[in-house]
Amino acid sequence: VSALPFTQAEPLAEIARVRHAFFGRDGGVSGGVSASLNAGPGSRDAPAAVAENRARIAAAMEVAPDHLLSAHQVHSARAVMVDGPWRGARPEADALVTTVPGLAVSALAADCAPVLFADAAAGVVAAAHAGWKGALAGGLAAAVAATAAAGATPARIVAAIGPCIGRASYEAGPEFEARCAADDGPDSAQFFSAVRGDRRHFDLPAYCAARLARAGVRQITTIGADTCADDERYFSNRRAFLRGEADYGRNLSAIALVA
């Protein structure tokens, strides 16, 4: 992977059959609040700018532009198996799985957690998008199950949680904490810390890691970058909201099998 700034997870970078990257906001052509490497077709950015940004990402991933695949993400527990470029509209899903070399499956995010998966022995890679809603609904478990259906073994999967909103930036109310407690019981308390009054800070990457572990994944690494706090490197939905901005760009994280 080259030509654009990116971050990698060392355990994935050590796998010869796999190419991956967590891209940020640098290296593209978009302007304004979406400057510069906005990869989100769902944003209000100029479609031509998004297409050029995605073409640059595809080139960095060493795949054709139509082989860089993103789903229409809906905070669901739906994972889709991919065997080629889209024929028509993007599917509504929050995880993409493939066994085909030369296809880069990706996750778009702007505070939610992008999670990349690889089982090199089985020749399976996947990308998932996990905000609190999708993770709580079983989105990461669905992604792991889909990789297993494609031949992967959960205990053998290497999973990397990419740049997302950090605990210090993620403030939530008591109703959110109650929903997590209803699902996870007393264990949910570890993901929250007091801020003021009934407000809490929520640790999304730790929550995603716990969900992956529950699904049988043993090799989990976290990049640790806070998208909301790092204006220079990443797009952030929450930061845009706090600033009163009308839109925001999307960061893209991708993984592919090498032919």
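J.: How would you summarise the sheet that holds strand E12 (residues 199–202) if you had to cite specific residues and measurements?
T.: Spatially, the three strands line up as an open sheet ordered E10-E12-E11, and their pairing is antiparallel. Every other strand in the sheet has two partners, leaving strand E10 (171–172) and strand E11 (192–196) as the edge strands with one partner each. In the sheet, E11 pairs with E12 via four bridges, with the strands oriented antiparallel. Following the sheet pairing, Arg-196 is matched in E12 by Arg-199.

J.: Just give me the short version of the sheet that holds strand E1 (residues 6–7), but keep the residues and values in it.
T.: As summarised here, the arrangement of the five strands in space is E1-E2-E14-E6-E3, forming an open sheet in which the pairing is mixed. The outermost strands of the open sheet, each flanked by one partner alone, are E1 and strand E3 (68–69). As paired elements, E1 and strand E2 (residues 18–23) share two bridges and run antiparallel to each other. Pairing of Thr-7 across the sheet is with Phe-22, part of E2.

J.: Talk me through the pattern of salt bridges; I want residue IDs and the actual numbers.
T.: Scanning all chains against the criterion turns up 17 salt bridges. Across the salt bridge formed by Asp-184 and Arg-214, the nearest N and O atoms sit 2.3 Å from each other. With Asp-184 in helix H5 (residues 174–184) and Arg-214 in helix H6 (residues 204–214), the pair connects residues that are 30 residues apart, well separated along the chain. Look at Asp-184 and you get buried, because its relative accessible area is 12%. When the shortest N-O distance is used, the salt bridge between Arg-243 and Asp-231 registers 2.9 Å. In this pair, Arg-243 is assigned in helix H7 (residues 237–243) and Asp-231 in the loop between strand E13 (219–222) and H7, connecting sequence segments 12 residues apart. The network of salt bridges with common partners includes Arg-25, Asp-231, Arg-239, Arg-243 and Glu-245.

J.: Got a sec to walk through unusual backbone geometry? Specific residues and values, please.
T.: For the peptide bond that leads from Ala-35 to Ser-36, omega is 0°, which places it in the cis range. With respect to the helices and strands, the residue Ser-36 is situated in the loop between E2 and helix H2 (47–60). The backbone of Glu-62 shows a phi angle near 60°, a positive value even though the residue is not glycine. Positioned with a positive phi, Asp-111 is a non-glycine residue whose angle comes to about 135°. Along the chain, the position of Asp-111 falls in the loop between strand E6 (104–109) and strand E7 (113–119).

J.: Could you give me a rundown of the layout of surface pockets, with the residues and numbers involved?
T.: Of the pockets and cavities examined, the largest pocket occupies roughly 650 Å³. Along its surface, the largest pocket is lined by 27 residues, and His-75, Cys-112, His-129, Asn-237 and Tyr-248 are the ones closest to its centre. When residues of the lining of the largest pocket are traced back to their parent elements, those giving at least two are E6, helix H3 (132–136) and H7. Residue contributions to the lining of the largest pocket peak at four residues, all from H7.

J.: Please set out the side chain of Asp-203 residue by residue, giving values where relevant.
T.: Relative to the assigned elements, Asp-203 resides in the loop between E12 and H6. There is a polar contact of 3.4 Å between the side chain of Asp-203 and the side chain of Arg-167. Excluding residues within four positions of it along the chain, Asp-203 makes contact with Arg-167 and Phe-191.

J.: For the pairing of strand E4 (residues 79–82), give the residues involved together with the corresponding values.
T.: Of the two faces of E4, the one lined by Val-80 and Val-82 is fully buried and the one lined by Ala-79 and Met-81 carries no buried residue. As paired elements, E4 and strand E5 (residues 95–98) share four bridges and run parallel to each other. From the neighbouring strand, Val-80 faces E5, where its bridge partner is Leu-96.

J.: Talk me through the side chain of Asp-247; I want residue IDs and the actual numbers.
T.: Note on placement: Asp-247 falls in the loop between H7 and strand E14 (251–257). Judged by its relative accessible area of 10%, Asp-247 falls in the buried class. Sequence-distant contacts of Asp-247, that is, excluding residues within four places in its chain, are made with Val-33, Ser-34, Ser-43, Arg-44, Asp-45 and Ala-240.

What counts and what doesn't
Each chain has its residues counted from 1, following the order in which its sequence is written. Given that the model is predicted, a residue must reach a pLDDT of at least 70 before its local features are reported, and side-chain atom pairs must reach 80 or more before they are shown or counted; all residues, however, enter totals for whole chains, interfaces and linings. Side-chain calculation: all heavy atoms of the structure are included, whereas hydrogens and water are not. A pair of strands is labelled paired if DSSP reports no fewer than 2 bridges between them. Runs of H or I in DSSP of at least four residues are treated as helices and runs of E of at least two as strands, each being numbered from the N terminus. The salt bridge criterion pairs a side-chain nitrogen of Lys or Arg with a carboxyl oxygen of Asp or Glu, the two atoms within 4 Å. Remark: exposure states derive from per-residue accessible area (1.4 Å probe, protein chains only) relative to the maximum for the residue type, with buried under 20%, exposed over 50%, and partly exposed in between. Think of a 1 Å grid over the protein atoms and nothing else: a 1.4 Å probe that fits but is trapped marks a cavity, an open set flanked by protein within 12 Å on at least five of seven lines marks a pocket, and residues with an atom within 4 Å of a point count as lining. Grid points are joined across faces, edges and corners, and a volume is the space filled by probe spheres set on the points. Pairing of N or O atoms within 3.5 Å defines a polar contact, subject to two protein rules: one partner must be a possible hydrogen donor and the other a possible acceptor, and residues neighboring in sequence count only if both atoms are side-chain atoms. The contact definition used throughout considers only heavy atoms, calling two residues in contact when any of these lie within 4.5 Å.

Geometric descriptors of this kind do not, in isolation, establish any biological role.
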